[in-house]
Amino acid sequence: ALYHAKHVHGGGVCLFTPSLETAVRADRAIEAALQASSFEEELSIVLQPIVELASGRLSAVEVLARWSNPMLGEISAMEFIAIAERSTAIHSITRAVFKKGLKAARQLPDCVAVSFNISACDLTSASTLAFIRDEIASAGIAPHRIWIEVTETAVMRNADAAAQALQAFRDLGVGIALDDFGTGYSSLGYVQRLPLDKVKIDRSFVGALDTEEGSTITSAVITLCHTIGLTCVAEGVETEAQRQTLAEAGCEHAQGYLFSKPLPLAELLLRCADAQAS
Ligand code: C2E
Ligand code: CA
Ligand code: CA
Ligand code: CA
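The rules behind the values
- Residues numbered from 1 in each chain as written.
- Chains lettered and ligands numbered in written order.
- Predicted model: local features only at pLDDT ≥ 70, side-chain atom pairs only at ≥ 80, totals over all residues.
- Heavy atoms only, no water.
- Donors = N, O, S within 2.8 Å, 3.2 Å for Na, K, Ca; no water.
- Helix = DSSP H or I, 4+ residues; strand = E, 2+ residues; numbered from the N terminus.
- Buried < 20%, exposed > 50% of the residue type's maximum accessible area, 1.4 Å probe, protein only.
- Pairing = 2+ DSSP bridges.
- Salt bridge = Lys/Arg side-chain N within 4 Å of Asp/Glu carboxyl O.

Draft legend 1. Summary view of the coordination of the calcium ion (ligand 4). For the calcium ion (ligand 4), the protein coordination sphere consists of D180 (OD) and D180 (OD), at 2.8 to 3.0 Å. Counting through the fold element by element, D180 comes out in strand 6 (residues 175-181).

Draft legend 2. Here's a closer look at the pairing of strand 1 (residues 43-52). Most of strand 1 sits out of view: eight of its 10 residues are buried. Count of turn residues in the strand 1/strand 2 (residues 58-69) antiparallel hairpin: five residues, of which G56 carries a positive phi of about 80°.

Draft legend 3. Region of the structure containing the coordination of the calcium ion (ligand 2). Around the calcium ion (ligand 2), the protein contributes the donor atoms E62 (OE), N117 (OD1), E149 (OE) and D179 (OD), which lie 2.1 to 2.3 Å from the metal centre. Ordering the donors of the calcium ion (ligand 2) by residue number gives the pattern E-x54-N-x31-E-x29-D. Separating the calcium ion (ligand 2) and the calcium ion (ligand 3) is a distance of 3.9 Å, and D179 donates to both of them. With N117 in strand 4 (residues 113-117) and D179 in strand 6, this residue pair connects regions lying 62 residues apart in the sequence.

Draft legend 4. Main features of the pattern of salt bridges. Going through the model one piece at a time under the given rule, you end up with 10 salt bridges. For R145, the salt bridge is made with D110, and the minimal N-O distance between the two is 3.4 Å. Of this pair, R145 sits in the loop between helix 7 (126-139) and strand 5 (146-151) while D110 sits in the loop between helix 5 (89-107) and strand 4, and the two are 35 residues apart along the sequence. Residue class for R145 comes out buried when judged on its relative accessible area of 5%. For D110, a relative accessible area of 62% puts it in the exposed group. A salt bridge links D197 to R170, with the nearest nitrogen and oxygen atoms 2.9 Å apart. Residue D197 is found in the loop between helix 10 (188-193) and strand 7 (198-201), and its partner R170 is found in helix 9 (residues 159-171); the two are separated by 27 residues along the sequence. Take D197: its relative accessible area is 23%, and that puts it in the partly exposed class. The partly exposed category is assigned to R170, whose relative accessible area is 30%. One network of salt bridges, with partners in common, ties together D27, E31 and R86.

Note that all results are geometric; they support no functional claim without further evidence.
Written out as structure tokens, the structure reads:
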């Protein structure tokens, strides 16, 4: 097969180097562990504050999954979510994250929204939709306190099906945010036709705010979002200068290490109590 590949691709043989081999083996190990894991036990969540820029108040938290496996240790969310998306493991993860996130929501003030990431395969799964609907109802949480984040790339993979699926989520009364906005290839005309409430402006735009060109582009993106009736959340805000530029550009919400890294619920609750006391 290698010889064949060499001929077909004009010498572009795919070299099976030791590092690649290790990576493939690691992927396999994660894949196997995902199948065997009890997510109720091994999965935990952290919550990252989202702040209203005008007032500085906590407007929401984003729920982020953390996985610690007895054999493999801590595996980054980026890594295990991508592998879980290749099988039905992603559905089990989504369910475990929702259960834990809704439990956390009950302990947070009613004015704080709770935002969940969902994958492309969750979006089009009728049973996941029903699960989320039932869990929100049995947790006794007002649906408008829940936001669903779906990446631009996931939506654009099958735009018509995604639009329909997003509408089904919206019919539950939850808010819909387009995640990692600006990293995909969606035309604004298409975004306008999706049933969205918010746009999460990707970190790469926020990182570019330090240059004049970058801040002009980001301001224009914020203005465009407002024109089509969407609220903006800036991601990855790390400096005071970025916060200020975003506030001046009229961006409503922001999230990033400047405000807080993702925290376990207990730590977040302590911070809320401190803020109330002062
Ligand atoms: P995301 O949805 O874009 O989440 C934001 C990521 O940026 C998080 O990484 C967060 O810890 C990180 N971050 C937050 N503030 C800053 C900052 O100021 N600077 C920098 N450099 N990074 C910041 P994390 O937790 O490792 O998650 C990575 C990705 O994994 C997420 O990206 C999301 O796509 C996915 N993910 C995490 N939890 C879930 C989940 O429960 N379900 C699904 N489907 N995906 C998830
Ligand atoms: Ca997200
Ligand atoms: Ca994001
Ligand atoms: Ca991302």
